[in-house]
Amino acid sequence: MKVFSKSNSDKPASILNAAVIVATLGYFVDIYDLLLFGIVRTDSLKDLGITGDAIRNQGEYLISMQMFGMLFGGILWGILGDKKGRISVLFGSILIYSVANIANGMVDTIGAYAFWRLIAGIGLAGELGAGITLVAESLPKEKRGYGTMIVASVGVSGAVAAYLIYEIFQDWRLCYYAGGVLGILLLFLRISITESGIFKKVQEQNEAKGDFLSLFTNKKRFFKYINCILIGMPLWFLVGVLITFSPEFAKALNIQQAETIEAGKAIAFCYAGLVFGDIASGLLSQWLKSRKKVMYWFLIFNLAMIFVYLLADGISTTGFYLLCLVMGASVGYWVLFVTIAAEQFGTNIRATVTTTVPNFVRGSLPLIILVYSYFRDTIFDGNIISAGMVVGTLISFIALLALSQLKETFHVDLDYSEKPDKNYS
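What counts and how
- Residues numbered from 1 in each chain as written.
- Predicted model: local features only at pLDDT ≥ 70, side-chain atom pairs only at ≥ 80, totals over all residues.
- Heavy atoms only, no water.
- Helix = DSSP H or I, 4+ residues; strand = E, 2+ residues; numbered from the N terminus.
- Buried < 20%, exposed > 50% of the residue type's maximum accessible area, 1.4 Å probe, protein only.
- Contact = heavy atoms within 4.5 Å.
- Areas by Shrake-Rupley, 256 points an atom, 1.4 Å probe, with all protein chains shown as cover.
- Phe/Tyr/Trp six-rings, centres within 6.5 Å; stacked < 30°, edge-to-face > 60°.
- Lys NZ or Arg CZ within 6 Å of the ring centre and 35° of its normal.
- Expected span 1.5 Å × (residues − 1).
- Arc of directions from axis to C-beta.
- Polar contact = N/O pair within 3.5 Å; in protein donor to acceptor, adjacent residues only side chain to side chain.
- Salt bridge = Lys/Arg side-chain N within 4 Å of Asp/Glu carboxyl O.

K.L.:
Looking at this structure, how should I read the overall build of the protein chain?
P.N.:
If you tally the helices and strands in the protein chain, you get 19 helices and 2 strands. For the protein chain, with 425 residues in total, the buried portion stands at 61%. Taking the intrachain contacts of the protein chain between residues at least 6 apart in sequence as the baseline, contacts between residues at least 24 apart amount to 86%. Accessible surface for the protein chain amounts to roughly 15,400 Å². Of this, 67% is attributable to carbon and sulfur atoms.

K.L.:
Just checking my understanding: could you explain the packing of aromatic side chains for this structure?
P.N.:
What characterises a pair of aromatic rings is the spacing of the ring centres plus the angle enclosed by the ring planes. All chains considered together, the criterion is met by 21 aromatic pairs. Plain terms: the ring middles of Y225 and F345 are 6.5 Å apart, the flat faces sit at 85° to each other, and that makes the pair edge-to-face. Of this pair, Y225 sits in helix 10 (residues 219-230) while F345 sits in the loop between helix 16 (334-344) and helix 17 (347-363), and the two are 120 residues apart along the sequence. Relative accessible area serves as the criterion here: at 0%, Y225 is assigned to the buried category. Aromatic pair F375 and F380: ring centres 6.4 Å apart, planes at 25°, arrangement stacked. One aromatic cluster in this structure is built from F212, F216, F222, F223, Y225, F345 and F360. Between the NZ or CZ atom of K224 and the centre of the ring of F345, over which it lies, the distance is 4.5 Å.

K.L.:
Quick question: what am I supposed to make of helix 8 (residues 172-189) here?
P.N.:
Within an α-helix, residues lying three or four positions from one another point in the same direction, as the helix has 3.6 residues per turn. A rise of 1.5 Å per residue sets the reference length of helix 8, with its 18 residues, at 26 Å; its end C-alpha atoms lie 27 Å apart and thus fit the reference within 8%. Among the residues of helix 8, those classed as buried are W172, C175, Y176, G179, G180, G183, L186 and L187. The buried residues of helix 8 occupy an angular sector of 140° when projected down its axis, which confines them to one face. Exposed residues lying more than 90 degrees from the buried face of helix 8 are L185 and F188. Buried-residue contacts for helix 8 involve helix 1 (18-47), helix 3 (86-104), helix 4 (110-124) and helix 7 (158-169). Its side-chain oxygen placed 3.0 Å from the backbone nitrogen of R173, D171 serves as the N-cap of helix 8.

K.L.:
Explain the pattern of salt bridges to me, please; I cannot follow it from the model alone.
P.N.:
A side chain of one charge can pair with a side chain of the opposite charge if their charged atoms are brought near each other. Considering all chains together, one arrives at 7 salt bridges under this definition. The closest approach of N and O atoms between E60 and R376, which form a salt bridge, is 3.8 Å. Of this pair, E60 sits in helix 2 (residues 54-83) while R376 is found in helix 18 (residues 365-379), placing the two residues 316 residues apart along the sequence. In this pair, the class of E60 matches that of R376, namely buried. Among the charged side chains, a network of salt bridges with common partners joins E60, R376 and D377.

What follows is the structure, given as structure tokens:
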């Protein structure tokens, strides 16, 4: 392990520096597009001629295509982020998903829809990891938790914006166009930002950068990487299954006027709660000077809310949406999850890790849906409530076990580089 200068003289003292502001706006547009499909899923598929159970099946297919794109894009942008710089990823990723957004508004077949969701996923994959890496490296260790909290908490409100735009215009194609235009406008704001001083130091060193395979050539590093992924999976089970398919769960729970439950509205409430959860988890981790302790609390809170949601038989529609709000707050550890990943690894592979980890979590959704579908259709004979309880519990306990294997990183200095040799420990 090579340690660079520990001086933070090249880091701006202000939390609201250009890197934080631009990364925040980028993540806002990222979340807008990422959750937009869930919001317009039903209406867009009906407009393309899909009806009945095919809406659910084609919805699962399209969201899986988007997540596959994010899985591939996470590796691509992560490697580029360490080899070419964090800024290049911020520019390239937003350009691709802006174009894909506009193209999504023009589709007239499921095949075209799936293709452009795949391309959008590839573009979306770079934004969060590169932004968090840049922010973490641009702030002193005492303040970086506040910086990443701002990026995550403001950024996730993009889902609320997507819902409001859809409610105002009632046109799913226009919503995609709006996302594309927002992304292109954001490109102009990024001209003023520069690379972090830590990354510039690494660029001067004659060592491997962005070596994705080095994460698999050392046992200790490999398990640390896998554990970083596993701690984030409960969030995407909650958002990708329980919230995205909330109309189906509302019917199974005999919610009053269940036919009026809208997935888009449920997503908006969930992400409104997630904003508060991200702020709470970020502030708590700073006050307690611990990432892990707060993560434990939120993972347990999340599991409890899964059961509250799935046992809420017969509640009102208002109560159901309020449950979605609190469920969103329970997965407000997203900011901690990504920050922990950034702090676990050296600068020469930090962007690779911080970009691939959240995208592998997002990309795990097709596998989560597959496991959930197996329990739903094979074990519980179509009972989505029982399947949700079992899969939610399983994923939560795996996440808690994975978190126990990771070290506390609150006080870790990021001015170091990891050697890619197999004997590293």
